[in-house]
Amino acid sequence: MSSQPPELRSTTVTEWANALTTTNLQPGPSFGSRTIDGSWNCAVHLAISSELTDDAQRLLAAELQQAINDTVNRVLCLAPVSVSVRGAV
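Together, L52, L60 and L64 line one region of the surface with nonpolar side chains, adding up to about 200 Å² of accessible area. When you line up the elements, L64 lands in helix α2 (residues 54-75). Taking the relative accessible area as the measure of exposure, L64 reaches 32% and is therefore partly exposed.

Right, dumping it as structure tokens:
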């Protein structure tokens, strides 16, 4: 595994909307990580298959949120203070 992340490109709102339409995904919850002063380290806007059961959607979102929180804290050497979640699946 490479220690360098792949080059990332921003996705436009139009690209995001098109991806949701063409892939049978629906907007899910958004969650992110902030510093004590309130500034954001990162945020993730999740899209989940509408074909999954409600329970599977909730579990997937919860597991992804935990994995992302763990990764942010590990990479940035942070101790978790609070987590913000917007929207519900």
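Overall, the coordinates contain two salt bridges when judged by the stated rule. For E15, the salt bridge is made with R9, and the minimal N-O distance between the two is 3.3 Å. Here E15 falls in the partly exposed class, since its relative accessible area comes to 31%. Between R58 and D55 there is a salt bridge whose closest N-O contact spans 2.7 Å. With R58 and D55 both in helix α2, this residue pair falls three residues apart, about one helical turn. Judged by relative accessible area, which is 42%, R58 ranks as partly exposed. Taking the relative accessible area as the measure of exposure, D55 reaches 56% and is therefore exposed.

Let us now look at the pairing of strand β2 (residues 40-49). Remember that side chains alternate between the two faces of the sheet whenever the strand is regular. Strand direction decides the pairing type here: strand β1 (residues 25-34) and β2, joined by eight bridges, are antiparallel. Following the sheet pairing, Q26 is matched in β2 by I48.

The residue N41 is located in strand β2 in this model. Relative accessible area serves as the criterion here: at 33%, N41 is assigned to the partly exposed category. Separated by 35 residues in sequence, N41 and L76 place their C-alpha atoms 8.9 Å apart. If we ignore the near neighbours within four places in the chain, the residues touching N41 are S33, R34, T35, L76 and L78.

Within the secondary structure, S30 sits in strand β1. Here H45 takes part through its side chain, which lies 2.7 Å from a polar atom of the side chain of S30.

We now examine α2. With 22 residues, α2 should cover 32 Å at 1.5 Å per step; its first-to-last C-alpha distance of 31 Å lies within 8% of that length. By the burial criterion, the buried members of α2 are Q57, A61, Q65, N69, V72 and N73. The arc that holds the buried residues of α2, viewed along the axis, is 120°, so those residues lie on one side. Residues D55, L59, E63, R74 and V75 are exposed on α2 and point more than 90 degrees away from its buried face.

Rules used throughout
- Residues numbered from 1 in each chain as written.
- Predicted model: local features only at pLDDT ≥ 70, side-chain atom pairs only at ≥ 80, totals over all residues.
- Heavy atoms only, no water.
- Patch = residues over 30% accessible without salt bridge, like charges linked within 9 Å, V, L, I, M, F, W, Y side chains within 5 Å.
- Areas by Shrake-Rupley, 256 points an atom, 1.4 Å probe, with all protein chains shown as cover.
- Salt bridge = Lys/Arg side-chain N within 4 Å of Asp/Glu carboxyl O.
- Helix = DSSP H or I, 4+ residues; strand = E, 2+ residues; numbered from the N terminus.
- Buried < 20%, exposed > 50% of the residue type's maximum accessible area, 1.4 Å probe, protein only.
- Pairing = 2+ DSSP bridges.
- Contact = heavy atoms within 4.5 Å.
- Polar contact = N/O pair within 3.5 Å; in protein donor to acceptor, adjacent residues only side chain to side chain.
- Expected span 1.5 Å × (residues − 1).
- Arc of directions from axis to C-beta.

This is a description of form; function is not addressed.
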